[in-house]
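Understanding the architecture of this molecule
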Amino acid sequence: MVVTDINETNRTGTIILRPNHSWSWQANVLFLSFLMAVSMIIAFGFLFVGAWVILPFSILEMTVVALCIHHCVKQCKRQEVITISDYEVKIERGIKGPSQIQTFIRTWATWRVQKPRHPWDPVSLAIRSHGQELEIGSFLNRRDKTYLVSQLKRVTPV
């Protein structure tokens, strides 16, 4: 998802990049609860007929599934904030707050758009200045990257 706030007169602004996620945390908890209920019903059914070894493996399986869902939800909370001012371009990355901040001098910074190798792949976006290059929006889908390119053209000086 790309959210922009761009000032057209001086070509400055903020662009916020977030991955798309289809389910909320509550929907994931509901799904996990349903999955755990079905798994425990089956495990206790086997326990009552004497196959007790199924229960610990079922608990282990649900623990792994819960950890995987938690990891996926956490990765969907990350974001990149691109702030373009008159003199610099600042890129902040993180999950709960900015864990990585990198600034580029706007005069020397250039946006690099690399064409995909395969027709199904999205384009690759990066900012480059003084031998440093930073990829932007690696988690975005094809449509969002195309929209991001159009928004970056709006802030690029003529």
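Residues numbered from 1 in each chain as written. Predicted model: local features only at pLDDT ≥ 70, side-chain atom pairs only at ≥ 80, totals over all residues. Heavy atoms only, no water.

To continue, consider the overall build of the protein. Within the protein, the regular secondary structure consists of three helices and eight strands. Seen in sequence order, the protein has helices and strands lined up from the N terminus as β-β-α-α-β-β-β-β-β-β-α. Computed over C-alpha atoms, the radius of gyration of the protein comes to 22 Å, more than 25% over the 15 Å expected from 2.2 N^0.38 for 158 residues, which places it beyond the range of a compact globule. With the principal axes as the frame, the protein shows a C-alpha extent of 75 × 35 × 25 Å. When burial is assessed residue by residue, the protein has 30% of its 158 residues classed as buried. In the protein, the proportion of contacts linking residues at least 24 apart, taken out of those at least 6 apart, comes to 44%. Across the protein, the mean location of the 18 positive side-chain charges is 3 Å away from that of the 11 negative side-chain charges. (Helix = DSSP H or I, 4+ residues; strand = E, 2+ residues; numbered from the N terminus. Rg over C-alpha atoms; globule rule 2.2 N^0.38 Å. Buried < 20%, exposed > 50% of the residue type's maximum accessible area, 1.4 Å probe, protein only. Contact = heavy atoms within 4.5 Å. Lys, Arg positive; Asp, Glu negative; His and termini not counted. Charge placed at Lys NZ, Arg CZ, Asp CG, Glu CD.)

The next subject is the sheet that holds strand β6 (residues 110-114). Strand order in the open sheet formed by three strands is β6-β7-β8, and the pairing between neighbours is antiparallel. Two strands bound the open sheet, and with one partner strand each, they are β6 and β8 (132-136). With strand direction ignored, the average angle separating the axes of adjacent strands in the sheet is 30°. Pairing geometry for strand β7 (residues 124-129) and β8, over five bridges, is antiparallel. Considered in β8, the bridge of Leu125 is made with Ile136. Of the strands in this sheet, β6, β7 and β8 are in contact with helix α3 (residues 142-155), which crosses β7 at around 35°. (Pairing = 2+ DSSP bridges. Axes fitted to C-alpha atoms, helices over the stretch in contact; angles between N-to-C directions.)

To continue, consider a nonpolar patch on the surface. A contiguous nonpolar patch, built from Phe34, Val38, Ile42, Phe46, Val49, Trp52, Val53, Ile54, Phe57, Leu60 and Val64 and spanning about 1100 Å² of accessible area, is present on the exposed surface. Residue placement: Ile42 occurs in helix α1 (residues 25-48). For Ile42, a relative accessible area of 49% puts it in the partly exposed group. (Patch = residues over 30% accessible without salt bridge, like charges linked within 9 Å, V, L, I, M, F, W, Y side chains within 5 Å. Areas by Shrake-Rupley, 256 points an atom, 1.4 Å probe, with all protein chains shown as cover. Salt bridge = Lys/Arg side-chain N within 4 Å of Asp/Glu carboxyl O.)

Phi at Arg11 is positive, roughly 55°, even though this residue is not glycine. With respect to the element layout, Arg11 can be found in the loop between β1 (2-7) and β2 (12-17). For His130, which is not a glycine, the phi torsion comes out positive at approximately 50°. Tracing the backbone through its elements, the reader meets His130 in the loop between β7 and β8.

Within this structure, the stated rule accounts for zero disulfides. For Cys68, which is in no disulfide, the shortest distance to another cysteine sulfur is to Cys72 and amounts to 6.7 Å. Overall, the relative accessible area of 48% leaves Cys72 in the partly exposed class. (Disulfide = S-S within 2.5 Å.)

Turning to the environment of Leu47, a few remarks are in order. Looking at the secondary structure, you find Leu47 in helix α1. The exposure class assigned to Leu47 is partly exposed, which follows from its relative accessible area of 29%. Residues within four places of Leu47 in sequence aside, it is in contact with Trp52 and Leu55.

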